[in-house]
Amino acid sequence: SDYSQEPPRHPCLQINSKEPFNAEPPRSALVSSYVTPVDLFYKRNHGPIPVVDDIERYCFDITGLIQTPKNLYMRDVRMLPKYNVTAILQCAGNRRTAMSKTRKVRGVGWDVSAIGNAVWGGAKLADVLELVGIPKLTSRTQSGGKHVEFVSIDKCKEENGGPYKASIPLIQATNPEADVLLAYEMNGEPLNRDHGYPLRVIVPGVIGARSVKWLDSINIIAEECQGFFMQKDYKMFPPSVDWDNINWSTRRPQMDFPVQSVICSLEDVQSIKPGKITITGYAASGGGRGIERVDVSIDGGKTWLEASRSQKTGIPYISDHESSDKWAWVLFEITVDIPHSTEIVAKAVDSAANVQPENVQDIWNLRGILNTSWHRVQVRVGH
Ligand code: MTE
Ligand code: MO
């Protein structure tokens, strides 16, 4: 593989793997703004960053189970109505390092920052699919169980040098309310190379792995995508399954993200002076479920206090889809008095009353995905 044309990156990023480039910002950077700056947004790649230098000639096909396959150019996508959707992207491997401390798992190690909240600008996939005669989802639409596969330009070793790919159900792709985008902007600027220039998919509410970067083609298919990252990775197994007894076909590819929250203002082990501290962090759930509540404990989980929540800087957050960014995160904050050394814990509750699991051991899985266990940090109080 050729890594000689990688883009420049922010020096603050903690690099978890150099080739392919996988890196995350310090956790404190995540809570300094509601919208994560592009250069600090985590980067998750499986191969070299593709070079697309002639934007006029860039195009992608839509093929498969349709009457008239089409080749679309950037101007065709830009002619469609533009939407700005604020949505998190979170890698299924976020918090993997903590999971591997209980029992070893395979995969790139991530701390708590393989997540970011961005404003994605682009066309709705539902509008794009209409250009090839696929109707938008209505109560009478039959999707026939079909799927929409996204194939990238990049090349990765897991696909034996072939492109990264993934799929979502057609019923989600054609639903305007699902806000699936072909995005060409991130935070109001053209996508940069790391994040999928010139065009990427954004599937809100779903693990990051389905938001394919550097789009090369869209295929309408009868069954879900048979690629490595759908069938041999990013599946959630029970703790009893290990590498010697795994049968990949027994599980579905992971789609929606479960409820998650993380304390970002404190490191795993942090020394502080006795007195008041303000604890801040992020909380988010998948599937468009909002955050109903964030509980913080300053005694290792014996008693709980409710943190205040906000979306958009300073505006208190109400768990109501009409008035909130339903695909975005909420930031939480609480000021507490910490007189002596203790364990501080956060757990969130989503709008379906789903709660984070207490212990990481109970959700341990061999690929180390979806670590959404209570987030715990140790504070050492010195005088
Ligand atoms: N798309 C392509 N083409 N190649 C990739 O390696 N990685 C996926 C997804 N889309 C990937 C991809 C994974 S696992 C994640 S978590 C997100 O992109 C990360 O997106 P980001 O780098 O913009 O944060
Ligand atoms: Mo990921």
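Note that the structure is a prediction, hence the values are computed from the model and not measured. (Residues numbered from 1 in each chain as written. Chains lettered and ligands numbered in written order. Predicted model: local features only at pLDDT ≥ 70, side-chain atom pairs only at ≥ 80, totals over all residues.)

(A) Looking closely at the overall build of the protein chain. Assigned secondary structure in the protein chain consists of six helices and 23 strands. Since a compact globule built from 383 residues should have a radius of gyration of about 21 Å, the 21 Å found for the protein chain is in line with a globular shape. Structurally, the protein chain occupies a C-alpha span of about 70 × 50 × 40 Å along its principal axes. Scored against the burial criterion, the 383 residues of the protein chain give a buried share of 46%. By sequence separation, contacts in the protein chain at least 24 residues apart represent 70% of the contacts at least 6 residues apart. (Helix = DSSP H or I, 4+ residues; strand = E, 2+ residues; numbered from the N terminus. Rg over C-alpha atoms; globule rule 2.2 N^0.38 Å. Buried ≥ 20, exposed ≤ 12 C-beta atoms within 10 Å, placed from the backbone. Contact = placed C-beta atoms within 7 Å.)

(B) Layout of the domain arrangement of the protein chain. Under the domain assignment, the protein chain is made up of domain 1 (14-250) and domain 2 (260-381). A straight line from the C-alpha centre of domain 1 to that of domain 2 covers 26 Å. On the domain 2 side, the residues contacting the 38 residues of domain 1 number 28 residues. Counting residues per element, the ones that place at least two in the side of domain 1 that touches domain 2 are α1 (27-30), β6 (83-90), α3 (96-102) and β7 (115-124). Among the residues making up the side of domain 1 that touches domain 2, the classes are represented as 21 nonpolar, nine polar and eight charged. (Domains from an automatic or database assignment. Nonpolar A, V, L, I, M, F, W, Y, C, P; charged D, E, K, R; others polar.)

(C) Summary view of the sheet that holds strand β20 (residues 315-316). Taken together, the five strands give an open sheet; going across it, the order is β14-β16-β21-β19-β20, and neighbouring strands pair in antiparallel fashion. The outermost strands of the open sheet, each flanked by one partner alone, are β14 (260-263) and β20. Bridging between β14 and strand β16 (residues 275-284) involves four bridges; their strand directions are antiparallel. Within β16, the position partnered with Gln 260 by the bridge is Ala 284. (Pairing = 2+ DSSP bridges.)

(D) Molecular detail of the nonpolar core. Grouped together as the largest cluster of nonpolar side chains are 101 residues, with contacts concentrated most on Leu 181, Leu 182, Ile 202, Tyr 282, Ala 283 and Val 296. The two domains that each donate at least three residues to this core are domain 1 (14-250) and domain 2 (260-381). When sequence neighbours within four positions are dropped, the list of residues in contact with Leu 182 reads Val 77, Gly 122, Ala 123, Leu 125, Val 128, Leu 199, Val 201 and Leu 215. (Core = buried A, V, L, I, M, F, W, Y, C linked by C-beta atoms within 7 Å.)

(E) The environment of Ile 338, seen in detail. Mapped onto the fold, Ile 338 is located in strand β21 (residues 330-338). With 17 C-beta atoms counted inside 10 Å, the residue Ile 338 sits in the partly exposed group. Linking Ile 338 and Ile 277, residues 61 residues apart in sequence, is a C-alpha distance of 7.2 Å. Apart from the residues within four sequence positions on either side, Ile 338 is in contact with Ile 272, Pro 274, Ile 277, Ile 298, Val 379 and Val 381.

(F) The UniProt feature "domain: Oxidoreductase molybdopterin-binding" (unreviewed entry) in the protein chain, seen in detail. In this numbering, the UniProt entry assigns the feature "domain: Oxidoreductase molybdopterin-binding" (unreviewed entry) to residues 46-228. For residues 46-228, the end-to-end C-alpha separation is 12 Å, with 13% helix and 31% strand making up the annotated structure. (UniProt positions renumbered as here; feature names shortened; annotations may be inferred.)

(G) Representation of the pairing of β21 in the model. Pairing of β16 with β21 involves nine bridges; the strand directions are antiparallel. Considered in β21, the bridge of Ile 279 is made with Ile 334.

(H) Structural context of the pairing of strand β19 (residues 308-311). Burial of β19 is one-sided: the residues Arg 309 and Gln 311 facing one way are buried, the residues Ser 308 and Ser 310 facing the other way are not. Pairing of β19 with β21 involves three bridges; the strand directions are antiparallel. Bridge pairing in β21 places Ser 310 opposite Leu 331. In the sheet, β19 pairs with β20 via two bridges, with the strands oriented antiparallel. Following the sheet pairing, Ser 310 is matched in β20 by Pro 316. In sequence, β19 turns back onto β20 through a hairpin of three residues, with Lys 312 there showing a positive phi of about 45°.

(I) Main features of unusual backbone geometry. With omega at 0°, the peptide bond leading from Glu 19 into Pro 20 counts as cis. Following the sequence through the fold, Pro 20 ends up in the loop between β1 (14-17) and β2 (22-24). Even without glycine at this site, Arg 95 takes up a positive phi of about 70°. With respect to the helices and strands, the residue Arg 95 is situated in the loop between β6 and α3. A positive phi angle, close to 55°, is found at Asp 179, a residue other than glycine. Assignment of secondary structure puts Asp 179 in the loop between α5 (170-173) and β10 (181-186). In this structure Asp 179 comes out as buried when scored by C-beta crowding, with 22 C-beta atoms within 10 Å.

(J) Here's a closer look at the sheet that holds β1. Ordered by their spatial adjacency, three strands build an open sheet running β1-β2-β3, and the pairing between neighbours is antiparallel. In this open sheet, the two edge strands, each paired with only one partner strand, are β1 and β3 (43-44). Sheet topology places β2 next to β3; two bridges connect them, and they run antiparallel. Its bridge partner being in β3, Asn 22 is matched across the sheet by Arg 44.

(K) Representation of the confidence of the model for the protein chain in the model. With 100% of its residues at a pLDDT of 70 or more, the protein chain shows a mean pLDDT of 96. Interface scoring of the predicted complex returns ipTM 1.00; its pTM is 0.97. (pLDDT = per-residue confidence, 0-100.)

(L) Spotlight on the environment of Ser 351. With respect to the helices, strands and loops of the structure, Ser 351 is situated in the loop between β22 (342-350) and β23 (375-381). Setting aside its immediate chain neighbours within four residues, Ser 351 contacts Arg 289, Gly 290, Glu 292 and Ser 319.

(M) Local environment of the environment of Arg 309. Along the chain, the position of Arg 309 falls in strand β19. Of the residues examined, Arg 309 has 22 C-beta atoms within 10 Å and is grouped as buried. For Arg 309 and Trp 110, which are 199 residues apart along the polypeptide, the C-alpha to C-alpha distance reads 25 Å. Setting aside residues no more than four positions away along its own chain, Arg 309 makes contact with Ile 291, Val 294, Tyr 317, Val 330 and Phe 332.

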